[in-house]
Amino acid sequence: MTHAATHATGQPAAHAAVPATEAAVPASPPVAARGAARPAPLTVLARGLRRHVPARLLPALAVLALLAYPASPGAEGATPADAASAVLVLTVVLRLLREGRGSGGRGESGAGGERGGSAGETGGSRETGGSREAGGARGATRFRAALTPRAALVLGAPVLALALAALGAADAATGIAGLGRYLQIFVLVPAALLLSLRDARDVRVLAWGLVALALAEGGVGVVQYLTGSGASYMGEDVRAVGTFGPGDVMGMATVVAYGLVAASGLALARTGEAPRLQRPLAALCAAALLVPLALSFSRGAWIATAAVLGLQLLAAGPRRALAVLAAASAAAVVLVGGLGIGSAMLQERLSSITKVTDAPDQSVTDRYTLWAAAADMWREHPVTGVGLKNFPAHRDSHASLALSAGSDTAGAGQDFRVQPLLSPHNMYLLVLGEQGLIGLTALAGSWAALLVLGVRRLAGTHRRRARRRRPLDCGLVACGLLVWQLVDFTYADIGGPATVMTALALGLAAWWGLGVRYGEERPGAEGAGSYGAEGDGSYGSGGSAAYEAPGRPVPYATPCPAPHRQPASQPSERRTP
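Residues numbered from 1 in each chain as written. Predicted model: local features only at pLDDT ≥ 70, side-chain atom pairs only at ≥ 80, totals over all residues. Heavy atoms only, no water.

1. Some details on the packing of helix H9 (residues 172-196) against helix H20 (residues 500-513)
- At a closest axis distance of 8 Å, the pairing of H9 and H20 adopts a crossing angle of 50 degrees. By the angle class used here, H9 and H20 are oblique. Between H9 and H20 lies a crossing of right-handed hand. For the pair formed by H9 and H20, the contact residues are Gln184, Ile185, Phe186, Val189, Pro190, Leu193 and Leu194 on the first element and Val500, Thr502, Ala503, Leu504, Leu506, Gly507, Leu508, Ala510 and Trp511 on the second.
- For the contact of H9 with H20, a count of residues per class yields 13 nonpolar, three polar and no charged. (Axes fitted to C-alpha atoms, helices over the stretch in contact; angles between N-to-C directions. Helix = DSSP H or I, 4+ residues; strand = E, 2+ residues; numbered from the N terminus. Parallel < 35°, antiparallel > 145°, perpendicular 65-115°, else oblique. Left-handed = near helix turned anticlockwise from the far one by under 90°. Contact = heavy atoms within 4.5 Å. Nonpolar A, V, L, I, M, F, W, Y, C, P; charged D, E, K, R; others polar.)

Spelled out as structure tokens, the structure:
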């Protein structure tokens with residue numbers, strides 16, 4: 001009887017006559033499977049990155065990667081990192097247009113709440129990174145949910161003031177260039193990052209990107225100090241500047257400080273809210289980044305970093321603050337007192353901070369003179385200022401004779417050159433002098449709103465129950481970077497390749513402070529179950545597990561399912577035979 005006949009008679013196919021010896025021999029694997037070679041290490045790494053790094057974060061990570069591209073001496077204009085930030089903005093705009101076109105005619109409104117009873121079953125698309133499923137029973141929201149009216153108001157407030165200041169520029173080309181730069185740093189890139197980030201995992205991926213860039217640049221800086229191939233400082237080529245060159249001595253200091261603040265925030269995570277290895281690895285990275293930050297000899301970066309680290313420790317809790325301070329003090333005694341790493345130069349640089357009025361060096365004198373010039377410009381034009389990028393043109397007419405011709409730069413593979421002083425090295429005074437009270441009120445008001453909202457939500461992480469509170473490490477990273485930048489603006493302003501990192505800090509702060517408030521979303525309403533822009537353990541009714549690939553649970557997520565309301569007229573699901 002054949003195999004087909006067996007099925008035709010209704011007898012089971014397993015009763016077909018098969019020799020006992022043949023049945024006992026296990027089936028051999030296919031030839032293709034036996035001869036297949038193992039994947040290459042790079043292929044395995046690429047697969048791991050695709051699984052853990054969402055595709056939507058690739059433009060932001062490209063910005064960080066291209067910051068390490070060596071700068072050309074005296075180069076001006078857009079940098080590769082600026083081009084990557086433009087790609088980030090463009091991808092977000094295209095996605096907004098695509099989702100706006102896709103939602104038309106399907107009964108969905110705006111941010112993707114479940115309306116009409118059908119939105120929960122539409123739009124079941126999945127990103128290539130394996131990190132999110134849109135729509136479906138998970139209650140994921142539309143891409144536009146994070147851009148709330150409050151977020152649009154806070155981030156878009158400086159636009160009108162910047163346009164008004166651009167009208168007062170020396171010429172149209174200068175005004176357009178200045179307007180584009182300010183919009184890029186303070187409006188477009190922060191808004192694009194706000195729309196790209198969704199949950200705590202996205203923030204941690206970006207934070208680890210900052211740490212990786214800081215370690216790479218810091219490693220180059222340490223080598224420059226040890227080999228005497230850095231920028232010129234006190235007659236020796238020992239200043240660590242990384243790949244930014246002597247023309248941008250603040251570049252490496254900014255990158256390393258950002259990485260240190262991010263690593264410190266990740267290391268202070270609560271138990272159970274983050275991956276198991278995050279805290280020890282982040283603490284080790286933070287300790288390692290202290291060395292290149294010290295070798296950068298940047299007083300402004302030192303002051304801002306010390307202030308932020310202290311605030312992070314206080315926000316994490318007094319017990320943890322005491323333990324970390326004790327460990328840091330012991331490490332400082334060993335490194336500086338015992339091993340004598342850079343003790344003479346570091347002590348002299350630290351002592352110069354307290355001599356700004358006693359016996360200041362020429363750099364401090366130039367800075368005070370530039371500050372006075374910017375304040376004098378504002379007194380002449382208190383409302384609108386002198387116009388965007390007009391500070392160099394009005395500098396000499398408002399500065400005293402104590403101002404030097406420029407800053408001497410050399411070393412790190414570059415010849416001696418005099419770099420002109422084209423800004424007051426104080427962001428607040430630069431905005432006040434060029435844009436007046438209107439510009440300063442708009443920009444500083446936007447930053448203050450981000451700070452107040454972020455600190456309030458950071459304080460809320462200690463008042464809520466473990467199931468409802470937001471991840472502490474995400475708030476420490478976002479608020480820490482914002483505070484660092486606001487403090488550093490007292491000693492620096494925008495300019496140079498590292499300026500785009502200011503936009504990333506503002507974007508993270510916007511994600512944390514401008515999202516949908518936890519517990520206010522309602523089932524079926526706009527933004528229900530939203531990832532929002534805050535770290536709400538994990539932000540809404542789905543939790544971060546809603547954006548993980550199927551079959552890959554997140555042990556440290558604390559999802560809070562949305563309350564289920566069953567209408568009285570709905571029949572019971574219990575069925576009787």
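2. So, helix H18 (residues 427-460)
- For H18, with 34 residues, the first-to-last C-alpha span of 31 Å runs short of the 50 Å given by 1.5 Å per residue.
- Its axis deflected by about 130 degrees at Gln435, H18 carries its strongest bend there.
- Measuring from the side-chain oxygen of the N-cap residue of H18 to the backbone nitrogen of Tyr428 gives 3.1 Å; that N-cap residue is Asn426. (Expected span 1.5 Å × (residues − 1). Bend = angle between axes of the 7 residues up to and from the residue. Polar contact = N/O pair within 3.5 Å; in protein donor to acceptor, adjacent residues only side chain to side chain.)

3. Digging into a nonpolar patch on the surface
- Among the surface-exposed residues, Leu90, Val93, Leu94 and Leu97 lie close enough to one another that they form a single nonpolar patch of about 370 Å² accessible area.
- As for its position among the elements, Leu90 is in helix H6 (residues 80-103). (Patch = residues over 30% accessible without salt bridge, like charges linked within 9 Å, V, L, I, M, F, W, Y side chains within 5 Å. Areas by Shrake-Rupley, 256 points an atom, 1.4 Å probe, with all protein chains shown as cover. Salt bridge = Lys/Arg side-chain N within 4 Å of Asp/Glu carboxyl O.)

4. A few points about the confidence of the model for the protein chain
- Put simply, the protein chain has an average pLDDT of 74, and 64% of its residues get 70 or more.
- Contacts for the low-pLDDT stretch residues 1-25, under 50 throughout, to residues beyond four places or in other chains number eight contacts.
- Every residue in residues 517-577 is under pLDDT 50, and counting partners more than four places away or in other chains gives 147 contacts. (pLDDT = per-residue confidence, 0-100.)

5. A word on the pattern of salt bridges
- Applying the stated criterion to the full structure yields six salt bridges.
- The salt bridge involving Asp82 is made with Arg181; its shortest N-O contact spans 3.2 Å. Here Asp82 is found in helix H6, whereas its partner Arg181 is found in helix H9, with 99 residues between them in sequence.
- Note that Arg395 and Asp396 form a salt bridge whose closest N and O atoms lie 3.0 Å from each other.
- Exposure remark for Asp396: the relative accessible area of 55% places this residue in the exposed category. (Buried < 20%, exposed > 50% of the residue type's maximum accessible area, 1.4 Å probe, protein only.)

6. Some thoughts on helix H10 (residues 200-227)
- Between its first and last C-alpha atoms H10 spans 40 Å; for 28 residues at 1.5 Å apiece the expected length is 40 Å, and the two agree.
- Phi turns positive, to about 70 degrees, at Gly228, one or two residues after H10.

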